[in-house]
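# Remarks on the overall topology
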Amino acid sequence: MPEKPAQRIAYLVDEINKHRRAYYQENTVLVSDAEYDALMSELELLESKHPELITGDSPTQSVGGSANEAFSPVEHLERMWSLDNAFNDEELKAWAKRVGEERFLCELKIDGLAINLRYEKGELVSAATRGDGVVGEDVTNNVKTIKQIPHRLKGSKIPDVVEVRGEIFFGVKDFANLNAGLVAEGKAPFANPRNSASGSLRQKDSSVTASRPLQMLVHGVGAWPDAPFKNQSDLYELLKSWGLPTSTRYEVVDSIEGVIKYISQFQAQRHDLEHEIDGVVVKVDSLSAQKELGFTARAPRWAVAFKYPPEQVNTTLLDIRVSVGRTGRATPYAVVEPIKVAGSTVEFATLHNQDVVKAKGILIGDTVVLRKAGDVIPEILGPVVELRTGKERAFVMPTKCPDCNAKLAPSTEGDVDLRCQNSEGCPAQLRERVAYIGSRGVLDIEALGYVAAVALTQPLEPKVAPLKSEAKLFNLTMDQLLPIKTHVLDPDTGLPKLDENGQPKVVQFFSKTVKGETVPSEVAIKLLKNLEEAKTKPLWRIIVALSIRHVGPVAARSLATHFGSLDNIFNATEQELSEVDGVGTILAQSLLEWIKVDWHKELVESWRKSGVLLEIPGHAGPGANVVADGVFTGMSIVVTGTLQNYTRENIEELIISNGGKAASSVSKNTAFVVAGTNAGSKLTKAEALGVPVISEEEFALKLN
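Residues numbered from 1 in each chain as written. Predicted model: local features only at pLDDT ≥ 70, side-chain atom pairs only at ≥ 80, totals over all residues. Heavy atoms only, no water.

### Section: the overall build of the chain
Scanning the chain from N- to C-terminus turns up 24 helices and 26 strands. Scaling as 2.2 N^0.38, a compact globule of 704 residues should have a C-alpha radius of gyration of about 27 Å, and the chain matches this with 26 Å. Each principal axis of the C-alpha distribution contributes one length, and for the chain these read about 80 × 70 × 60 Å. Contacts spanning at least 24 positions in sequence make up 67% of the contacts within the chain whose residues lie at least 6 apart. Surface exposure of the chain reaches about 31600 Å², of which carbon and sulfur atoms provide 51%. Between the averaged position of the 79 positive side-chain charges in the chain and that of its 93 negative side-chain charges there is a distance of 2 Å. (Helix = DSSP H or I, 4+ residues; strand = E, 2+ residues; numbered from the N terminus. Rg over C-alpha atoms; globule rule 2.2 N^0.38 Å. Contact = heavy atoms within 4.5 Å. Areas by Shrake-Rupley, 256 points an atom, 1.4 Å probe, with all protein chains shown as cover. Lys, Arg positive; Asp, Glu negative; His and termini not counted. Charge placed at Lys NZ, Arg CZ, Asp CG, Glu CD.)

### Regarding the packing of aromatic side chains
This structure, assessed with the given rule, holds 15 aromatic pairs. Taken together, the ring pairs in this structure connect Phe 632, Tyr 646, Phe 672 and Phe 699 into an aromatic cluster. Taking the ring centre of Tyr 436 as reference, the NZ or CZ of Arg 326 above it sits at 3.7 Å. Residue placement shows Lys 702 over the ring face of Phe 672; its charged tip is 5.1 Å from the ring centre. (Phe/Tyr/Trp six-rings, centres within 6.5 Å; stacked < 30°, edge-to-face > 60°. Lys NZ or Arg CZ within 6 Å of the ring centre and 35° of its normal.)

### Some thoughts on helix α6 (residues 193-201)
Most of α6 sits out of view: 9 of its 9 residues are buried. What α6 keeps buried is the set Pro 193, Arg 194, Asn 195, Ser 196, Ala 197, Ser 198, Gly 199, Ser 200 and Leu 201. (Buried < 20%, exposed > 50% of the residue type's maximum accessible area, 1.4 Å probe, protein only.)

### Observations concerning the pattern of salt bridges
Side chains that differ in sign of charge can pair as their charged atoms come close. Summed over the entire model, instances satisfying the criterion amount to 25 salt bridges. A salt bridge links Lys 526 to Glu 446; the nearest nitrogen and oxygen atoms lie 3.7 Å apart. In this pair, Lys 526 sits in helix α15 (residues 522-534) while Glu 446 sits in the loop between α12 (427-438) and α13 (450-457), placing the two residues 80 residues apart along the sequence. Owing to a relative accessible area of 61%, Glu 446 belongs among the exposed residues under this scheme. Ionic contacts of the salt-bridge type, sharing partners, join the residues Glu 15, Arg 329 and Asp 417 into one network. (Salt bridge = Lys/Arg side-chain N within 4 Å of Asp/Glu carboxyl O.)

### Remarks on the side chain of Arg 329
You can see Arg 329 is positioned in the loop between β12 (311-324) and β13 (330-341). Leave out the neighbours within four places in its chain, and Arg 329 touches Tyr 11, Glu 15, Lys 18, Ser 323, Val 324, His 352, Asp 417, Leu 418 and Arg 419.

### Re the sheet that holds strand β10 (residues 277-284)
Across the sheet, 5 strands lie side by side as β2-β11-β10-β3-β9; this open sheet has mixed pairing. The outermost strands of the open sheet, each flanked by one partner alone, are β2 (85-86) and β9 (251-253). As paired elements, strand β3 (residues 104-110) and β10 share 7 bridges and run antiparallel to each other. Counted as the bridge partner of Cys 106 is Val 282 from β10. Together, β2, β3, β10 and β11 (303-307) form the strand contacts of helix α3 (residues 89-99), whose direction differs from that of β11 by roughly 175°. The strands that helix α9 (residues 256-269) touches are β3, β9, β10 and β11; relative to β3, the one it contacts most, it runs at about 25°. (Pairing = 2+ DSSP bridges. Axes fitted to C-alpha atoms, helices over the stretch in contact; angles between N-to-C directions.)

Quick look at the structure:
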């Protein structure tokens, strides 16, 4: 039976948002560019046919990811956009026909990290990652260590304020040297240049960034009212005259045939370049035409990214195994004869589900065509049937969970994915949920990483795990931690990592031996301290930590703000839940189904008894986003700029818990604006409207 549109949309939203978090916040990639693009295309098509099923969490309603909370948020003066894709000449010609222009600027699409530099009166005042396109991460100190980027612009026609956009990357040789150095130090190498650039730029210690030879090339501007040029190509020459690093490889052509020629030329040369590319960006050169064409919800109509076909190699399919994730989804993956492709050695490849394995017609033992789509994540295209020997065997999807032996079955009618039905007792699901709770986007428990989650849920010793459920997470004691010994598991496969002798690595994770005595390790001490601190994290984070399907940070914030407590959420009707901004029917049903499960109820009650804060203090109840007697009662307050003493979540929670509304835009009804450094358009608008502006120190005084 085919999947219903609502089910398929819910799956696509869940899957794409997971991949976005991995890509934008964790510097990793879970699927190929081609697969991601296919998921997005399918979602856009379904939502166009069923607009009533669009939710606030849908990736079609936003750009990229969200700012990582390890860095202060920076609001871009002008939004940073994504690009639509073309994968062949026909799609490219169709785009050119839609824009109705004949003069195009072509440039190489560097596989790096997008960056936004803000210059005021020629001085570099901030540098931020793209984030969700509106708010990015403040990486100013790290960017200032990159030698190519000028701290002060030189030359003429420098405006009072301008945003310069570009890409930060590693050169091919520099990347190879970096990985060689990491291996020599006994550290894990980066998977690819893009991850290495992102990881190097997102260092809390800027001296680490300074030690790595990052480069940048600029490709445009953001905020610059009344810019004094007519064409994009004129802009590049001006940026170059200011001392900014610009590419010498862009080209202006007068026809789409000229664009295709440029694309073909660099496809042949792509491996001879000093940096990795995954395609070509084509822009309408006329700025007046760009302005007239405008934007869709997530991308400019006047630009397109042409993606090169991914690389392919042949290798042997050694085995097909199944891993089980946080929500019970059973995912087959391929184990292949290690082979180098697109600059890295590949041992595993994605297979998604049993239907995909069947559709590809692959047998264990086959010689298979492996593609590294977008130069990132490998996938198997199909078998080389002519090379079969007769010893190959078919993959049979297990009917029982490989981790707990429980039944594998679809969770809903028409669901193609099989899920382990033992959500409470499955060690794989528990391990993944506990690791998820500790992640930055959830409760941000630094000492609760993947290895710690394995140790707590699947120790070699003692025989009984300290955690049989996350219900007792906040009751852990030092006595439970000290005896633990565990394997070090690979987070991608769930398999033990091997030592130099080929044996599974075993570690005594929470203790160490000092003068013959077993004492707590730093990790154990920090874990218990972190867990105590996590009990008072904002309500929306607690909601996300429950691993309710479809409920991510955006929906959790809306639910927390509207209802004020976990009890109010679970006591609400489906209609009351679905009417909350960013929730909708599918998510509302998921919430109500989740709380019907007995062990879920026990989990909530256990956390409550452990002292986990399950409400927003002072909240007046469903629909009341303010409290009656807070110091900010009835006030609409806007926060902008980079703060020193608060995270964005901290200060918004303080506003809400003290009776105010944490607004996202300035209006004449705004009580006041809290402005940090590098405050942008919101500060300008507040000053124009005569809205009071205070510092974060003055905000703190208002709380006392």
